[in-house]
Amino acid sequence: MKHKPCILAAVRPQGGVAVHRVLGEYADVVPVYDYDDALAVLRKGGVDLVLCGVFFNETRAFDLLRFVRQEFPALPFVACRIGDRAVAPVMAEAMGIAAKSMGAVAFIDMPLLHADNATDVDFRSQVLRQIR
């Protein structure tokens, strides 16, 4: 049996439900909603990828990215925006630029993750291809 990768999903609670629904069959998804909980999971080890919503724990997404780059430089970090929180397109673009400039391997802007199966497949593909 093939090893399922472990994805730390640092997201808001509604994002955790969506991420688990889309990725749970393909990976062990560990949702966390608090910065300190994310650090505890990372320090325990065994995480293959960090998936972090840009609105994680209000404003802690970039703090988590900074921590991961310092402590686990080879660990893939994917920043994302999921859920229907409205932001201007230029704001979503700026989030992606900031995340990538700080070391995220990708930024996925998927506000309508729950919309349909095709969106789910696209999101899943974008996330899973980042696992090394």
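Predicted, not measured: the structure shown is a model, and the values here were computed from it.

1. Remarks on empty space enclosed by the protein
Where empty space is left in the structure can be found by rolling a water-sized probe over the atoms. Here the structure, examined in full by the defined rule, presents two cavities of 30 Å³ or more. Size it by volume and the largest cavity reaches roughly 80 Å³. In this structure, the largest cavity is lined by V11, R12, Q14, G15, G53, V54, F55, F56, C80, R81 and I82. Going through the elements one at a time, α1 (13-23) and β4 (77-82) are the ones with two or more residues in the lining of the largest cavity. For the lining of the largest cavity, the leading source of residues is β4, giving three residues. Taken together, the residues of the lining of the largest cavity sort by class into six nonpolar, three polar and two charged. Computed from the structure, the second largest cavity encloses a volume of approximately 30 Å³. In terms of lining, the second largest cavity is formed by C52, G53, V54, A61, F62, F77 and A79. Contributing elements (two or more residues each) for the lining of the second largest cavity: β3 (49-53), α3 (61-71) and β4. The residue inventory of the lining of the second largest cavity, partitioned by class, reads six nonpolar, one polar and no charged.

2. Notes on the side chain of D120
With respect to the helices and strands, the residue D120 is situated in helix α5 (residues 117-128). Using a relative accessible area of 9% as the deciding quantity, one classes D120 as buried. In this structure the side chain of D120 is engaged in a polar contact, spanning 2.5 Å, whose partner is the side chain of R21.

3. Here's the deal with the packing of helix α2 (residues 35-44) against α3
Packing of α2 against α3 brings their axes to within 11 Å, and their N-to-C directions diverge by 20°. The angle between α2 and α3 places the two elements in the roughly parallel class. Between α2 and α3 the crossing geometry is right-handed. Residues Y35, A38, L39, L42 and R43 of α2 touch α3, and the partners they reach there are D63, L64, F67 and V68. Partitioning the contact of α2 with α3 into residue classes produces seven nonpolar, no polar and two charged.

4. Considerations on the sheet that holds β4
Ordered in space as β2-β1-β3-β4-β5, the five strands form an open sheet in which the pairing is parallel. Each end of this open sheet is capped by a strand with a single partner; those strands are β2 (28-32) and β5 (106-110). Strand-to-strand twist in this sheet, taken as the mean axis angle between neighbours without regard to direction, amounts to 20°. In this sheet, β4 lies alongside β3 in parallel orientation, the contact comprising four bridges. Bridging across to β4, G53 finds its partner in C80. Running at roughly 175° to β2, α1 makes contact with β1 (6-10), β2, β3 and β4 of the sheet. Sheet strands touched by α5: β1, β3, β4 and β5. Its angle to β5, the strand with the most contacts, is close to 170°.

Rules used throughout
Residues numbered from 1 in each chain as written. Predicted model: local features only at pLDDT ≥ 70, side-chain atom pairs only at ≥ 80, totals over all residues. Heavy atoms only, no water. 1 Å grid on protein atoms, 1.4 Å probe; cavity = no way out; pocket = protein on both sides within 12 Å on 5 of 7 lines; lining within 4 Å. Points joined across faces, edges and corners; volume = space filled by probe spheres on them. Helix = DSSP H or I, 4+ residues; strand = E, 2+ residues; numbered from the N terminus. Nonpolar A, V, L, I, M, F, W, Y, C, P; charged D, E, K, R; others polar. Buried < 20%, exposed > 50% of the residue type's maximum accessible area, 1.4 Å probe, protein only. Polar contact = N/O pair within 3.5 Å; in protein donor to acceptor, adjacent residues only side chain to side chain. Axes fitted to C-alpha atoms, helices over the stretch in contact; angles between N-to-C directions. Parallel < 35°, antiparallel > 145°, perpendicular 65-115°, else oblique. Left-handed = near helix turned anticlockwise from the far one by under 90°. Contact = heavy atoms within 4.5 Å. Pairing = 2+ DSSP bridges.

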